[in-house]
Amino acid sequence: MKYVLALDQGTTSSRSILFDHDGKVVAVAQKEFPQIFPKPGWVEHDPQAIWDTQLVTAREVLVKAKATAADVAAIGITNQRETTVVWDRETGGPVGNAIVWQDRRTAPMCDVLRKKKLDRLITRKTGLVVDAYFSATKVQWILQNVKGAKQLAAKGRLAFGTIDSWLLWNLTAGQVHATDVSNASRTMLFDIRKGRWDEKLLHLFGVPASMLPEVRDSSGLFGHTTLLGGSIPITGIAGDQQAALFGQVCVQPGMVKNTYGTGCFMLMNTGSKPITSKNKLLTTIAWRIGGKMEYALEGSVFIAGAVVQWLRDGLGIIQNSAEVETLAASVPDTGGVYLVPAFAGLGAPHWDAYARGTIVGLTRGTTRAHIARAALEAIALQVADILQAMQADSGIKLKELRVDGGASLNNLLMQMQADLLGVPVVRPKVNETTALGAACLAGLATGFWKNQADIAKHWKADQKFTPKLKPTLRAAKTATWQRALARAKAWEEA
């Protein structure tokens, strides 16, 4: 068999990518789906649109590659994490829209948990900070607010899952309701040390155990699909950021990758021991292979590539996302402008659900080019905040940062990143590392690749960005950024 098929279900589009034995991209198919914003701070997706676009791209990518199901050794799934779907086991239909990871509607529910001092218990068990970002309060909200949901759940009719579970359910025609450890660890319902759903947390959030998917290794047989013209095994699942960590071959403790997508996600492999963060980072499961659990420290920036989309769709100062680099490069600096893209609150290491976006330092001389440059700089500055916290938690000094995701193709941004971190930034030849990670996990389970060393030899660097900024200038820029952050924090009243 020639290929492994990766289903990469993201926040704004569904993609399917075929990889060959060398880990090279053979063909890609992609389809966007609508973003739904019913109220300020609310973000939803239609689960049916997610499934439809994913299936269409899976079929399309085979056509593009002139391949059939017989050419595909395995399917790997990677997905936007935390996004929550609840569906009826009998009809297979969702009870409503999926609540997306960016959604802030449950921030007040999180405030109540903190007031009751339950946040310590939750963090101890799950490695997560109490925030609306995770799935637990989203399921709770659905059960409390969708008509008839609580009654159906009590009868055992409802299934809850993150997007991987929803795709797996549909791929196997409702035969398999499962997830992997990496996705389970993002729900705020899973004990990451014991590796199982936690009864206390289920009770706390009012989630019946009957709704939950079975939790399995990230690499192994989940089931088969016959929707692509023949039977293909589904043998790998990992949340998008853990998949990217695996795809970047960050398999040794201390190795770090950062993915520049809608948000920014930095993960450091910490090996078989979970490190408890003192700097508001998340302790998360990286993957479990052959029953062996590995962990990671994670810092999440909610708005990264999305700030460029906002420049395009919200402000209309660029026609397409690729234009931002040229526009930002047309000025030597931001002219003193700082943009804090806290459109959905601030993630790590701040965790402020009530922060909102702000632009400071505007003068009559400010142009759209300065704003564009400040937007790119804001992405790099947010990442620098996380790295500082990560190094403090782990006691490991970073040697290099491996990067991937759409915005990592922006050379100006990558140079800014190296300058603000003071360490080299390395971009790989295959930028599709999230999909590649899912493919690798699937390929390992079927013998498509012999072992992790077989996978590692395919990773190659494309470009290395070395720091050019003087440490004094870096320190000054970081200090001003902290002042700008202070203006954005706690803007909305709780």
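See the structure printed just above.
In what follows, the accompanying structure is described.

Definitions and limits used
- Residues numbered from 1 in each chain as written.
- Predicted model: local features only at pLDDT ≥ 70, side-chain atom pairs only at ≥ 80, totals over all residues.
- Heavy atoms only, no water.
- Helix = DSSP H or I, 4+ residues; strand = E, 2+ residues; numbered from the N terminus.
- Rg over C-alpha atoms; globule rule 2.2 N^0.38 Å.
- Buried < 20%, exposed > 50% of the residue type's maximum accessible area, 1.4 Å probe, protein only.
- Contact = heavy atoms within 4.5 Å.
- Areas by Shrake-Rupley, 256 points an atom, 1.4 Å probe, with all protein chains shown as cover.
- Lys, Arg positive; Asp, Glu negative; His and termini not counted.
- Charge placed at Lys NZ, Arg CZ, Asp CG, Glu CD.
- Salt bridge = Lys/Arg side-chain N within 4 Å of Asp/Glu carboxyl O.
- Phe/Tyr/Trp six-rings, centres within 6.5 Å; stacked < 30°, edge-to-face > 60°.

### Comments concerning the overall build of the chain
Link 1 in the chain: Scanning the chain from terminus to terminus reveals 16 helices and 23 strands.
Link 2 in the chain: Relative to a compact globule of 494 residues, whose C-alpha radius of gyration would be 23 Å, the chain shows 21 Å and is just as compact.
Link 3 in the chain: When each of the 494 residues of the chain is scored for burial, the buried share is 62%.
Link 4 in the chain: Put simply, of all contacts in the chain between residues at least 6 apart along the chain, 73% involve residues at least 24 apart.
Link 5 in the chain: Approximately 18900 Å² of the chain is accessible, and the part contributed by carbon and sulfur atoms is 53%.
Link 6 in the chain: Side-chain charges in the chain split into 57 positive and 42 negative, and the spacing between the mean points of these groups amounts to 5 Å.

### Regarding the pattern of salt bridges
Link 1 in the chain: Taken as a whole and assessed by the stated rule, the structure comprises 23 salt bridges.
Link 2 in the chain: A salt bridge links arginine 105 to aspartate 103, with the shortest nitrogen-to-oxygen separation between them at 2.9 Å. Aspartate 103 matches arginine 105 in its accessibility class, with the two residues each being buried.
Link 3 in the chain: Here glutamate 400 makes a salt bridge to arginine 402, at a shortest N to O gap of 3.1 Å.

### With respect to the pairing of strand S8 (residues 158-162)
Link 1 in the chain: Burial analysis of S8 places five of its five residues in the buried class, which makes it a mostly covered element.
Link 2 in the chain: Of the two faces of S8, the one lined by Leu158, Phe160 and Thr162 and the one lined by Ala159 and Gly161 are each fully buried.

### Re the packing of aromatic side chains
Link 1 in the chain: Enumeration according to the criterion identifies 14 aromatic pairs in this entry.
Link 2 in the chain: Between tryptophan 42 and tryptophan 141, the aromatic rings sit 5.4 Å apart at their centres with planes inclined by 85°, giving edge-to-face as the arrangement. On the criterion of sequence distance, the pair formed by tryptophan 42 in the loop between strand S3 (25-32) and strand S4 (44-45) and tryptophan 141 in helix H4 (residues 135-145) is long-range, its members being 99 residues apart.
Link 3 in the chain: Residue tryptophan 42 is classed as buried on the basis of its relative accessible area of 18%.
Link 4 in the chain: Aromatic pair tyrosine 133 and phenylalanine 134: ring centres 4.6 Å apart, planes at 45°, arrangement tilted. Both residues of the pair, tyrosine 133 and phenylalanine 134, count as buried.
Link 5 in the chain: Grouping aromatic residues by their ring pairs yields a cluster made of Trp101, Tyr133, Phe134, Phe265, Phe302 and Trp351.

### Quick look at the environment of leucine 376
Link 1 in the chain: With respect to the helices and strands, the residue leucine 376 is situated in helix H12 (residues 368-394).
Link 2 in the chain: For leucine 376 and valine 112, which are 264 residues apart along the polypeptide, the C-alpha to C-alpha distance reads 35 Å.
Link 3 in the chain: Excluding residues within four positions of it along the chain, leucine 376 makes contact with Val308, Val324, Ala328, Asn410, Leu412, Leu413 and Met416.

### So, the side chain of glutamine 140
Link 1 in the chain: Counting through the fold element by element, glutamine 140 comes out in helix H4.
Link 2 in the chain: If near-sequence neighbours (up to four positions away) are discounted, glutamine 140 is found in contact with Met109, Leu204 and Phe205.

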